[in-house]
Amino acid sequence: MQDNVRKPLDRLSEALTDEMAAVNVLIRDRMASRHAPRIPEVTAHLIEAGGKRLRPMLTLAAAKLLGYPGPWHIHLAATVEFIHTATLLHDDVVDESRQRRGRPTANLLWDNKSSVLVGDYLFARSFQLMVEPGNLRTLEILANASATIAEGEVLQLTAAQDLATDENVYLQVVRGKTAALFSAATEVGGVIAGAPDDQVQALFDYGDALGISFQIVDDLLDYGGATETIGKNTGDDFRERKLTLPVIKAIAQATPDERAFWARTIETGDQREGDLDEALALMARHGAMAAARRDALDHAARAKAALQVLPPHPIRDMLSDLADFVVSRVA
């Protein structure tokens, strides 16, 4: 297959093969536990489930793009992956999920207590890792991101089933639960490389915009993606009564009868056979899916624009192509 048509994530992975191998070694080493064998069992189930490791790759890519020779970007990338894995373990408990990346969730295979406590362990491990480079600024960025992620998840608890939730609140939730780790991942790569402030800001802006676009696309795929593509069942967000962007846009234009439907299915949780099809029909009637896709495209364009501050480099081109690829999944 020609290089220019292969997935940007695959090309980025190949460019970072040695660095990712070092990250994987460090992850396996640090997820070990001498006294609690369930910790590596649960962690390995999720970490080795075939995820793309996008977030740690963003850290490695940012550092390599700016000429950093190492070694501390490896620790920062592993930190990012541990934070991400911890949040997934916790999310699956909160959402009572049964599938993640096409496999049964840890809380289903073991129990909720194991998932929560192993998630706590990984958060603790992530803080041990982020201290080791001895860089106060990267520590501050990752610590702040961890707090923002938790804050975003709590905000989602109160906003997810409230029809008053608008697009501004949605973006606040997304910036917390998704974009905060994307932007921290890219930003710390620039900081550890000693990049000037304008380049570090550009990396932050890229990660923020990419993360928002990524989440909007994920929300869209939930209502139209193949299960094998997204690793969960189509309509899970509806069944879990989550107010994602397509639904928010449909509600904003809803008639009184339509609003009553959303109140029954989302706020009250009284869902009946055929309701998912009705939800899809209402979103189609108001062009909600197309409008959400336009928003994803706008954020992808913002991500690409941010990269122009950075020096020309093959990795910069791959990051730009990655932004296009994220939104191409809902072409």
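As the structure is a computational prediction, the values presented were derived from the model and not from experiment.

Caption draft 1: Quick look at the pattern of salt bridges. By the definition in use, this model includes 16 salt bridges. The salt bridge involving Arg-11 is made with Asp-321; its shortest N-O contact spans 3.2 Å. With a gap of 310 residues between them, Arg-11 in helix 1 (residues 8-15) and Asp-321 in helix 17 (residues 314-328) connect regions that are remote in the sequence. A relative accessible area of 28% means that Asp-321 is categorised as partly exposed. Measuring nitrogen to oxygen at the nearest pair gives 3.7 Å for the salt bridge that ties Asp-197 to Arg-137. Here the residue Asp-197 occupies a position in helix 10 (residues 197-222), and Arg-137 occupies one in helix 8 (residues 136-159), the gap between them amounting to 60 residues. You can call Asp-197 exposed: its relative accessible area is 55%. By relative accessible area, which is 36% here, Arg-137 ends up partly exposed. Taken together, the salt bridges that share partners define one network made up of Asp-29, Arg-30 and Glu-132.

Caption draft 2: Seen up close, unusual backbone geometry. Omega for the peptide link from Gly-70 to Pro-71 comes to 10 degrees, which places this bond in the cis form. Looking at where Pro-71 falls in the secondary structure, it is placed in the loop between helix 4 (54-65) and helix 5 (72-94). Look at Arg-241: it is not a glycine, yet its phi comes out positive at around 60 degrees. Mapped onto the secondary structure, Arg-241 falls in the loop between helix 12 (236-239) and helix 13 (245-252).

Caption draft 3: Seen up close, the packing of helix 9 (residues 167-192) against helix 10. Contact geometry of helix 9 with helix 10 gives a least axis separation of 7 Å together with a crossing angle of 140 degrees. With respect to helix 10, the element helix 9 is oriented oblique. For the element pair helix 9 and helix 10, the recorded crossing hand is right-handed. The residue makeup of the contact of helix 9 with helix 10, split by class, is 14 nonpolar, 7 polar and 5 charged.

Caption draft 4: Fine view of the packing of aromatic side chains. Here the structure, examined in full by the defined rule, presents 2 aromatic pairs. Both rings, one in Phe-182 and one in Phe-214, keep their centres 5.3 Å apart while their planes meet at 45 degrees; by these two values the pair is tilted. Of the two residues, Phe-182 sits in helix 9 while Phe-214 sits in helix 10, which places them 32 residues apart along the sequence. The exposure class assigned to Phe-182 is buried, which follows from its relative accessible area of 0%. When the ring of Phe-261 is compared with that of Trp-262, the centres are 5.2 Å apart and the planes differ by 70 degrees; the resulting orientation is edge-to-face. When its relative accessible area of 0% is taken as the criterion, Trp-262 is described as buried.

Caption draft 5: Spatial organisation of helix 5. With 23 residues, helix 5 should cover 33 Å at 1.5 Å per step; its first-to-last C-alpha distance of 33 Å lies within 8% of that length. Buried residues dominate helix 5, accounting for 21 of its 23 residues.

Caption draft 6: Broad picture of helix 16 (residues 288-306). Between the first and last C-alpha of helix 16 there are 27 Å, a value that for 19 residues agrees with the 27 Å anticipated at 1.5 Å per step. Turning to helix 16, its buried residues are Ala-288, Ala-291, Ala-292, Ala-296, His-299, Ala-300, Ala-303 and Ala-306.

Caption draft 7: Fine view of the confidence of the model for the chain. Here the chain averages 90 in pLDDT, and 93% of its residues register 70 or above. Overall, residues 226-230 carries pLDDT values under 50, and its contacts beyond four positions in sequence, including any with other chains, amount to 7 contacts.

Caption draft 8: Molecular detail of the side chain of Thr-87. As for its position among the elements, Thr-87 is in helix 5. A relative accessible area of 10% places Thr-87 in the buried class. Setting aside residues no more than four positions away along its own chain, Thr-87 makes contact with Phe-123 and Ile-149.

Basis of the calculations
Residues numbered from 1 in each chain as written. Predicted model: local features only at pLDDT ≥ 70, side-chain atom pairs only at ≥ 80, totals over all residues. Heavy atoms only, no water. Salt bridge = Lys/Arg side-chain N within 4 Å of Asp/Glu carboxyl O. Helix = DSSP H or I, 4+ residues; strand = E, 2+ residues; numbered from the N terminus. Buried < 20%, exposed > 50% of the residue type's maximum accessible area, 1.4 Å probe, protein only. Axes fitted to C-alpha atoms, helices over the stretch in contact; angles between N-to-C directions. Parallel < 35°, antiparallel > 145°, perpendicular 65-115°, else oblique. Left-handed = near helix turned anticlockwise from the far one by under 90°. Nonpolar A, V, L, I, M, F, W, Y, C, P; charged D, E, K, R; others polar. Phe/Tyr/Trp six-rings, centres within 6.5 Å; stacked < 30°, edge-to-face > 60°. Expected span 1.5 Å × (residues − 1). pLDDT = per-residue confidence, 0-100. Contact = heavy atoms within 4.5 Å.

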